[in-house]
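So the chains spell out like this:
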Amino acid sequence: SLGLFRDRFLAGMLGASRSLDIYYAAFRVPDFIYTFMLLFTASTAIIPIFLKKFGEKKEWSEELLGSAVLCFSFAVLILSATAFFLMRLIIEFSLPGFSEKDIAETALLARIMLLSPIFLGLSNIFSSVTQAFRRFFVYGLSPVFYNVGIILGITVFYRFMGLAGLAWGVALGAFLHMAIQIPSLKNLSIAPKLKRLWSADLKQVAWLSLPRTLGLSITQITIFILTGMASVFSQGSISIFNLALNLEYIPVTVIGLSYSVAAFPDLVSFSLNKARDQFDKYFSAAMRHIVFWTLPMSVLLLVLRAQIVRVVLGSGAFSWQDTRLTAAALFILSLAVVFQSLFMLLVRTFYAEGESWRPLIINIVS
(Lines give C-alpha, C1' and ligand atoms only; values in the text may rest on other atoms or scores of the structure.)
Protein backbone atom coordinates (compact mmCIF):
# COMPACT_ATOMS: atom_id res chain seq x y z
CA SER A 1 0.00 0.00 0.00
CA LEU A 2 2.91 2.35 0.69
CA GLY A 3 4.07 1.71 -2.86
CA LEU A 4 0.75 3.16 -4.06
CA PHE A 5 1.25 6.27 -1.91
CA ARG A 6 4.82 6.56 -3.24
CA ASP A 7 3.66 6.51 -6.85
CA ARG A 8 0.75 8.87 -6.08
CA PHE A 9 3.12 11.42 -4.53
CA LEU A 10 5.49 11.15 -7.49
CA ALA A 11 2.72 11.40 -10.09
CA GLY A 12 0.98 14.26 -8.29
CA MET A 13 4.17 16.25 -7.82
CA LEU A 14 5.85 15.70 -11.19
CA GLY A 15 3.21 14.25 -13.53
CA ALA A 16 4.31 12.18 -16.51
CA SER A 17 7.14 14.63 -17.18
CA ARG A 18 10.80 14.59 -18.18
CA SER A 19 11.72 15.05 -14.50
CA LEU A 20 9.97 11.81 -13.59
CA ASP A 21 11.58 10.16 -16.65
CA ILE A 22 14.97 11.18 -15.25
CA TYR A 23 14.12 9.74 -11.83
CA TYR A 24 13.11 6.35 -13.23
CA ALA A 25 16.00 6.24 -15.72
CA ALA A 26 18.47 6.84 -12.88
CA PHE A 27 17.54 3.45 -11.39
CA ARG A 28 18.86 1.48 -14.33
CA VAL A 29 22.60 1.31 -13.48
CA PRO A 30 22.17 0.79 -9.69
CA ASP A 31 19.51 -1.87 -10.35
CA PHE A 32 21.82 -3.66 -12.80
CA ILE A 33 24.63 -3.71 -10.22
CA TYR A 34 22.23 -5.01 -7.58
CA THR A 35 21.06 -7.76 -9.94
CA PHE A 36 24.62 -8.73 -10.87
CA MET A 37 25.59 -8.94 -7.19
CA LEU A 38 22.87 -11.55 -6.60
CA LEU A 39 25.72 -13.86 -7.49
CA PHE A 40 26.61 -13.69 -3.77
CA THR A 41 23.31 -12.61 -2.21
CA ALA A 42 20.48 -14.59 -3.85
CA SER A 43 18.38 -16.04 -1.04
CA THR A 44 17.24 -18.90 -3.30
CA ALA A 45 20.87 -20.10 -3.41
CA ILE A 46 21.89 -19.22 0.16
CA ILE A 47 18.91 -20.77 2.00
CA PRO A 48 19.44 -24.44 0.94
CA ILE A 49 23.15 -24.34 1.79
CA PHE A 50 22.57 -22.34 4.99
CA LEU A 51 19.95 -24.83 6.23
CA LYS A 52 22.23 -27.75 5.40
CA LYS A 53 25.18 -26.19 7.25
CA PHE A 54 23.00 -25.12 10.18
CA GLY A 55 21.79 -28.71 10.52
CA GLU A 56 25.38 -29.92 10.68
CA LYS A 57 26.90 -27.17 12.84
CA LYS A 58 25.66 -23.67 13.61
CA GLU A 59 29.15 -22.16 13.35
CA TRP A 60 29.52 -23.38 9.78
CA SER A 61 26.32 -21.58 8.74
CA GLU A 62 27.61 -18.36 10.37
CA GLU A 63 30.90 -18.69 8.49
CA LEU A 64 28.95 -19.00 5.25
CA LEU A 65 27.10 -15.76 6.00
CA GLY A 66 30.38 -14.04 6.94
CA SER A 67 32.02 -15.06 3.68
CA ALA A 68 28.98 -13.85 1.72
CA VAL A 69 29.08 -10.45 3.48
CA LEU A 70 32.83 -9.97 2.94
CA CYS A 71 32.91 -11.11 -0.69
CA PHE A 72 29.80 -9.13 -1.61
CA SER A 73 31.09 -5.95 0.07
CA PHE A 74 34.44 -6.18 -1.70
CA ALA A 75 32.89 -6.79 -5.14
CA VAL A 76 30.03 -4.26 -4.90
CA LEU A 77 32.35 -1.45 -3.78
CA ILE A 78 34.60 -2.02 -6.79
CA LEU A 79 31.63 -2.13 -9.19
CA SER A 80 29.97 0.93 -7.66
CA ALA A 81 33.19 2.95 -7.75
CA THR A 82 33.71 2.03 -11.42
CA ALA A 83 30.12 2.93 -12.27
CA PHE A 84 30.44 6.24 -10.40
CA PHE A 85 33.23 7.45 -12.69
CA LEU A 86 31.74 6.00 -15.89
CA MET A 87 28.15 7.02 -15.14
CA ARG A 88 27.88 9.91 -17.60
CA LEU A 89 29.22 7.79 -20.47
CA ILE A 90 26.77 4.99 -19.62
CA ILE A 91 23.83 7.42 -19.49
CA GLU A 92 24.81 9.05 -22.80
CA PHE A 93 25.01 5.66 -24.50
CA SER A 94 21.84 4.14 -23.01
CA LEU A 95 19.50 7.16 -23.26
CA PRO A 96 19.93 8.60 -26.77
CA GLY A 97 16.80 10.76 -26.52
CA PHE A 98 17.99 12.74 -23.48
CA SER A 99 19.47 16.23 -23.78
CA GLU A 100 22.79 17.23 -22.17
CA LYS A 101 20.93 18.68 -19.19
CA ASP A 102 18.84 15.53 -18.81
CA ILE A 103 21.96 13.36 -18.97
CA ALA A 104 23.72 15.43 -16.29
CA GLU A 105 20.72 15.22 -13.94
CA THR A 106 20.26 11.48 -14.53
CA ALA A 107 23.96 10.85 -13.84
CA LEU A 108 23.76 12.82 -10.58
CA LEU A 109 20.75 10.85 -9.35
CA ALA A 110 22.23 7.51 -10.45
CA ARG A 111 25.49 8.21 -8.57
CA ILE A 112 23.57 8.87 -5.36
CA MET A 113 21.48 5.73 -5.92
CA LEU A 114 24.66 3.63 -6.11
CA LEU A 115 24.32 3.38 -2.32
CA SER A 116 21.15 1.31 -2.74
CA PRO A 117 22.69 -1.91 -4.20
CA ILE A 118 25.14 -1.97 -1.28
CA PHE A 119 22.41 -1.84 1.38
CA LEU A 120 19.94 -4.02 -0.56
CA GLY A 121 22.58 -6.69 -1.18
CA LEU A 122 23.44 -6.92 2.53
CA SER A 123 19.72 -7.00 3.29
CA ASN A 124 19.32 -9.95 0.90
CA ILE A 125 21.99 -11.89 2.78
CA PHE A 126 20.40 -11.15 6.16
CA SER A 127 16.88 -11.89 4.89
CA SER A 128 18.03 -15.35 3.77
CA VAL A 129 18.36 -16.19 7.47
CA THR A 130 14.97 -14.75 8.41
CA GLN A 131 13.32 -16.66 5.56
CA ALA A 132 15.13 -19.87 6.47
CA PHE A 133 13.66 -19.61 9.99
CA ARG A 134 10.27 -18.58 8.56
CA ARG A 135 10.36 -15.06 10.00
CA PHE A 136 8.30 -13.77 7.11
CA PHE A 137 6.85 -10.81 9.00
CA VAL A 138 10.26 -9.14 9.19
CA TYR A 139 10.95 -10.02 5.57
CA GLY A 140 7.62 -8.42 4.63
CA LEU A 141 8.45 -5.26 6.59
CA SER A 142 11.60 -4.59 4.54
CA PRO A 143 9.85 -3.18 1.44
CA VAL A 144 7.59 -1.15 3.74
CA PHE A 145 10.60 0.61 5.25
CA TYR A 146 12.15 0.93 1.79
CA ASN A 147 9.07 2.83 0.62
CA VAL A 148 9.06 4.94 3.79
CA GLY A 149 12.53 6.19 2.84
CA ILE A 150 11.43 6.97 -0.72
CA ILE A 151 8.32 8.79 0.49
CA LEU A 152 10.46 10.91 2.82
CA GLY A 153 12.60 11.77 -0.19
CA ILE A 154 9.51 12.86 -2.14
CA THR A 155 7.76 14.78 0.62
CA VAL A 156 10.75 16.25 2.52
CA PHE A 157 14.11 16.01 0.74
CA TYR A 158 12.72 17.10 -2.66
CA ARG A 159 11.68 20.48 -1.22
CA PHE A 160 15.27 21.30 -0.24
CA MET A 161 17.38 19.44 -2.82
CA GLY A 162 15.15 19.04 -5.88
CA LEU A 163 15.50 15.80 -7.87
CA ALA A 164 18.63 14.87 -5.89
CA GLY A 165 16.40 14.66 -2.80
CA LEU A 166 14.44 11.86 -4.48
CA ALA A 167 17.67 9.91 -4.97
CA TRP A 168 18.68 10.40 -1.34
CA GLY A 169 15.25 9.08 -0.36
CA VAL A 170 15.97 5.89 -2.34
CA ALA A 171 19.33 5.51 -0.57
CA LEU A 172 17.66 6.00 2.83
CA GLY A 173 14.97 3.46 1.95
CA ALA A 174 17.62 0.89 0.98
CA PHE A 175 19.40 1.46 4.31
CA LEU A 176 16.14 0.95 6.23
CA HIS A 177 15.48 -2.19 4.15
CA MET A 178 18.73 -3.60 5.55
CA ALA A 179 18.48 -2.22 9.09
CA ILE A 180 15.12 -3.86 9.85
CA GLN A 181 16.71 -7.31 9.34
CA ILE A 182 19.42 -6.89 11.99
CA PRO A 183 17.26 -7.22 15.17
CA SER A 184 15.92 -10.56 13.87
CA LEU A 185 19.44 -11.89 13.42
CA LYS A 186 20.19 -10.97 17.03
CA ASN A 187 16.99 -12.64 18.26
CA LEU A 188 17.94 -15.80 16.37
CA SER A 189 21.47 -15.63 17.87
CA ILE A 190 22.94 -15.73 14.36
CA ALA A 191 26.00 -13.57 13.72
CA PRO A 192 28.05 -13.68 10.48
CA LYS A 193 31.61 -14.75 11.24
CA LEU A 194 33.93 -12.58 9.15
CA LYS A 195 36.80 -15.04 8.91
CA ARG A 196 37.30 -15.79 5.22
CA LEU A 197 36.66 -13.83 2.03
CA TRP A 198 36.10 -17.01 0.05
CA SER A 199 35.06 -20.56 0.91
CA ALA A 200 33.89 -23.75 -0.74
CA ASP A 201 30.36 -23.10 0.50
CA LEU A 202 30.32 -19.59 -0.99
CA LYS A 203 31.61 -21.03 -4.24
CA GLN A 204 28.61 -23.36 -4.23
CA VAL A 205 26.30 -20.38 -3.57
CA ALA A 206 27.85 -18.49 -6.48
CA TRP A 207 27.49 -21.50 -8.76
CA LEU A 208 23.83 -21.95 -7.83
CA SER A 209 23.21 -18.19 -8.16
CA LEU A 210 24.98 -17.83 -11.52
CA PRO A 211 22.08 -18.88 -13.76
CA ARG A 212 19.58 -16.80 -11.74
CA THR A 213 21.92 -13.80 -11.88
CA LEU A 214 22.36 -14.20 -15.63
CA GLY A 215 18.62 -14.57 -16.11
CA LEU A 216 17.82 -11.44 -14.11
CA SER A 217 20.66 -9.58 -15.83
CA ILE A 218 19.01 -10.37 -19.16
CA THR A 219 15.79 -8.90 -17.76
CA GLN A 220 17.65 -5.74 -16.67
CA ILE A 221 19.27 -5.42 -20.10
CA THR A 222 15.80 -5.68 -21.64
CA ILE A 223 14.55 -2.87 -19.38
CA PHE A 224 17.69 -0.86 -20.28
CA ILE A 225 16.78 -1.18 -23.96
CA LEU A 226 13.10 -0.35 -23.37
CA THR A 227 14.06 2.72 -21.34
CA GLY A 228 16.46 3.85 -24.06
CA MET A 229 13.74 3.43 -26.68
CA ALA A 230 11.24 5.36 -24.56
CA SER A 231 13.75 8.22 -24.13
CA VAL A 232 13.37 9.12 -27.82
CA PHE A 233 9.58 9.18 -27.58
CA SER A 234 7.57 12.05 -26.11
CA GLN A 235 8.42 13.26 -22.61
CA GLY A 236 6.76 11.15 -19.95
CA SER A 237 6.96 7.85 -21.85
CA ILE A 238 9.41 6.32 -19.36
CA SER A 239 7.23 7.52 -16.48
CA ILE A 240 4.02 6.04 -17.91
CA PHE A 241 5.66 2.67 -18.57
CA ASN A 242 7.08 2.47 -15.04
CA LEU A 243 3.89 3.65 -13.33
CA ALA A 244 1.82 1.07 -15.22
CA LEU A 245 4.40 -1.61 -14.46
CA ASN A 246 4.29 -0.76 -10.74
CA LEU A 247 0.48 -1.04 -10.67
CA GLU A 248 0.56 -4.39 -12.47
CA TYR A 249 3.26 -5.67 -10.13
CA ILE A 250 1.20 -5.10 -6.95
CA PRO A 251 -0.85 -8.35 -7.23
CA VAL A 252 2.25 -10.17 -8.47
CA THR A 253 4.12 -9.13 -5.32
CA VAL A 254 1.27 -9.48 -2.83
CA ILE A 255 0.17 -12.90 -4.12
CA GLY A 256 2.80 -14.49 -6.34
CA LEU A 257 5.89 -13.42 -4.44
CA SER A 258 4.31 -13.98 -1.01
CA TYR A 259 3.26 -17.56 -1.74
CA SER A 260 6.57 -18.33 -3.47
CA VAL A 261 8.74 -16.99 -0.65
CA ALA A 262 6.64 -18.74 2.01
CA ALA A 263 6.72 -22.06 0.15
CA PHE A 264 10.45 -22.06 -0.69
CA PRO A 265 11.96 -23.06 2.72
CA ASP A 266 9.50 -25.98 3.01
CA LEU A 267 10.18 -27.08 -0.56
CA VAL A 268 13.91 -27.04 0.21
CA SER A 269 13.35 -29.05 3.38
CA PHE A 270 11.23 -31.66 1.55
CA SER A 271 13.83 -31.89 -1.20
CA LEU A 272 16.70 -32.38 1.27
CA ASN A 273 14.71 -35.09 3.08
CA LYS A 274 13.70 -36.79 -0.19
CA ALA A 275 10.02 -36.37 0.73
CA ARG A 276 8.73 -36.40 -2.84
CA ASP A 277 5.03 -36.81 -2.01
CA GLN A 278 5.06 -33.88 0.43
CA PHE A 279 7.06 -31.79 -2.06
CA ASP A 280 4.53 -32.38 -4.84
CA LYS A 281 1.56 -31.78 -2.55
CA TYR A 282 2.99 -28.52 -1.18
CA PHE A 283 3.93 -27.22 -4.64
CA SER A 284 0.50 -28.10 -6.04
CA ALA A 285 -1.30 -26.32 -3.18
CA ALA A 286 0.81 -23.16 -3.61
CA MET A 287 0.23 -23.16 -7.37
CA ARG A 288 -3.56 -23.53 -7.00
CA HIS A 289 -3.71 -20.70 -4.47
CA ILE A 290 -1.72 -18.38 -6.74
CA VAL A 291 -4.01 -19.06 -9.72
CA PHE A 292 -7.12 -18.73 -7.53
CA TRP A 293 -6.15 -15.23 -6.34
CA THR A 294 -4.28 -13.75 -9.32
CA LEU A 295 -6.83 -14.64 -12.00
CA PRO A 296 -9.58 -12.38 -10.59
CA MET A 297 -6.98 -9.69 -9.85
CA SER A 298 -5.90 -9.77 -13.50
CA VAL A 299 -9.52 -9.42 -14.66
CA LEU A 300 -10.04 -6.58 -12.16
CA LEU A 301 -7.05 -4.67 -13.55
CA LEU A 302 -8.24 -5.31 -17.07
CA VAL A 303 -11.81 -4.07 -16.55
CA LEU A 304 -11.20 -1.22 -14.09
CA ARG A 305 -7.83 -0.04 -15.39
CA ALA A 306 -8.83 3.60 -15.99
CA GLN A 307 -10.57 3.91 -12.62
CA ILE A 308 -7.64 2.29 -10.80
CA VAL A 309 -5.10 4.58 -12.46
CA ARG A 310 -7.19 7.67 -11.74
CA VAL A 311 -7.81 6.77 -8.10
CA VAL A 312 -4.20 5.80 -7.38
CA LEU A 313 -2.31 8.36 -9.49
CA GLY A 314 -4.82 11.02 -10.48
CA SER A 315 -3.77 14.04 -8.45
CA GLY A 316 -1.84 17.27 -8.90
CA ALA A 317 0.20 17.37 -12.09
CA PHE A 318 -1.00 13.96 -13.34
CA SER A 319 -3.36 14.90 -16.16
CA TRP A 320 -6.24 13.04 -17.80
CA GLN A 321 -4.03 12.36 -20.84
CA ASP A 322 -1.44 10.79 -18.52
CA THR A 323 -4.23 8.67 -17.02
CA ARG A 324 -5.39 7.43 -20.44
CA LEU A 325 -1.88 6.46 -21.55
CA THR A 326 -1.07 4.72 -18.26
CA ALA A 327 -4.39 2.83 -18.38
CA ALA A 328 -3.63 1.69 -21.94
CA ALA A 329 -0.25 0.34 -20.82
CA LEU A 330 -1.85 -1.32 -17.78
CA PHE A 331 -4.39 -3.02 -20.08
CA ILE A 332 -1.57 -4.91 -21.81
CA LEU A 333 0.46 -5.59 -18.67
CA SER A 334 -2.54 -6.96 -16.73
CA LEU A 335 -2.51 -10.01 -19.02
CA ALA A 336 0.80 -11.05 -17.43
CA VAL A 337 -0.25 -11.06 -13.75
CA VAL A 338 -1.05 -14.78 -13.48
CA PHE A 339 1.98 -15.89 -15.45
CA GLN A 340 4.48 -13.68 -13.63
CA SER A 341 3.16 -14.91 -10.29
CA LEU A 342 3.41 -18.56 -11.31
CA PHE A 343 6.88 -17.96 -12.72
CA MET A 344 8.09 -16.87 -9.27
CA LEU A 345 6.90 -20.14 -7.76
CA LEU A 346 8.22 -22.29 -10.60
CA VAL A 347 11.70 -20.74 -10.43
CA ARG A 348 11.91 -21.33 -6.67
CA THR A 349 10.70 -24.90 -7.16
CA PHE A 350 13.54 -25.57 -9.58
CA TYR A 351 16.00 -24.04 -7.10
CA ALA A 352 14.62 -26.14 -4.25
CA GLU A 353 15.43 -29.22 -6.34
CA GLY A 354 18.94 -27.91 -7.03
CA GLU A 355 18.18 -27.30 -10.71
CA SER A 356 19.19 -23.75 -11.53
CA TRP A 357 20.04 -23.72 -15.23
CA ARG A 358 16.61 -24.53 -16.68
CA PRO A 359 15.10 -21.24 -15.42
CA LEU A 360 17.96 -19.38 -17.15
CA ILE A 361 17.16 -21.01 -20.49
CA ILE A 362 13.47 -20.14 -20.02
CA ASN A 363 14.42 -16.53 -19.16
CA ILE A 364 16.59 -16.21 -22.27
CA VAL A 365 13.77 -17.49 -24.49
CA SER A 366 11.19 -15.20 -22.86
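Above: the structure in question.
Everything quoted here is computed from the prediction, not taken from an experiment.

A. Local environment of the side chain of Ser-341. Looking at the secondary structure, you find Ser-341 in helix H17 (residues 337-352). A residue is classified by how much of its surface remains accessible, and Ser-341, at 0% relative accessible area, is buried.

B. Seen up close, the packing of helix H6 (residues 58-94) against helix H8 (residues 115-132). Between H6 and H8, the shortest axis-to-axis distance is 10 Å and the interhelical angle comes to 165°. Judged on the interaxial angle alone, H8 and H6 are roughly antiparallel. As for the relative orientation of H6 and H8, their crossing is right-handed in sense. Across from Leu-65, Ala-68, Val-69, Phe-72, Ser-73, Val-76, Leu-77 and Ser-80 in H6, the residues of H8 making contact are Pro-117, Ile-118, Gly-121, Leu-122, Ile-125, Phe-126 and Val-129. Its residues placed into classes, the contact of H6 with H8 shows 12 nonpolar, three polar and no charged.

C. Main features of the packing of aromatic side chains. If you walk through the whole model with that rule in mind, you get eight aromatic pairs. Judged by centre distance (6.4 Å) and plane angle (75°), the rings of Phe-32 and Phe-224 are edge-to-face. Taken together, the residues Phe-32 in helix H3 (residues 28-36) and Phe-224 in helix H12 (residues 200-231) connect sequence positions 192 residues apart. Classification of Phe-32 as partly exposed rests on a relative accessible area of 28%. Pairing Phe-84 with Phe-85 gives two aromatic rings, centres 5.5 Å apart and planes at 85°, and the pair type is edge-to-face. Among the aromatic residues, those joined into a cluster by ring pairs are Tyr-23, Tyr-24 and Phe-27. The lysine or arginine in question, Arg-111, covers the ring of Phe-84, its NZ or CZ lying 5.1 Å from the ring centre. Above the plane of the ring of Phe-279 lies Arg-276, whose end atom (NZ or CZ) is 5.1 Å from the centre.

D. Focus on the pattern of salt bridges. One pass over the full model with this rule turns up eight salt bridges. In this structure, Arg-88 and Glu-100 form a salt bridge, with 2.7 Å as the shortest nitrogen-oxygen distance. Here Arg-88, found in helix H6, pairs with Glu-100, found in helix H7 (residues 100-113); they are 12 residues apart in sequence, far enough to count as distant. Among the ionic contacts, a cluster of salt bridges with common partners joins Arg-18, Asp-21 and Asp-102.

E. Focus on helix H14 (residues 276-303). Along its 28 residues, H14 runs 41 Å from first to last C-alpha, staying within 8% of the 40 Å computed at 1.5 Å per residue. Buried within H14 are the following residues: Phe-279, Phe-283, Ala-286, Ile-290, Thr-294, Ser-298 and Leu-301. Each element contacted by the buried residues of H14 is listed here: helix H13 (237-272), helix H15 (305-313), helix H16 (320-333) and H17.

F. Broad picture of unusual backbone geometry. Although it is not a glycine, Lys-274 sits at a positive phi angle of roughly 60°. When you line up the elements, Lys-274 lands in the loop between H13 and H14. According to the relative accessible area criterion, Lys-274 is exposed, its value standing at 72%.

What counts as what
- Residues numbered from 1 in each chain as written.
- Predicted model: local features only at pLDDT ≥ 70, side-chain atom pairs only at ≥ 80, totals over all residues.
- Heavy atoms only, no water.
- Helix = DSSP H or I, 4+ residues; strand = E, 2+ residues; numbered from the N terminus.
- Buried < 20%, exposed > 50% of the residue type's maximum accessible area, 1.4 Å probe, protein only.
- Axes fitted to C-alpha atoms, helices over the stretch in contact; angles between N-to-C directions.
- Parallel < 35°, antiparallel > 145°, perpendicular 65-115°, else oblique.
- Left-handed = near helix turned anticlockwise from the far one by under 90°.
- Contact = heavy atoms within 4.5 Å.
- Nonpolar A, V, L, I, M, F, W, Y, C, P; charged D, E, K, R; others polar.
- Phe/Tyr/Trp six-rings, centres within 6.5 Å; stacked < 30°, edge-to-face > 60°.
- Lys NZ or Arg CZ within 6 Å of the ring centre and 35° of its normal.
- Salt bridge = Lys/Arg side-chain N within 4 Å of Asp/Glu carboxyl O.
- Expected span 1.5 Å × (residues − 1).

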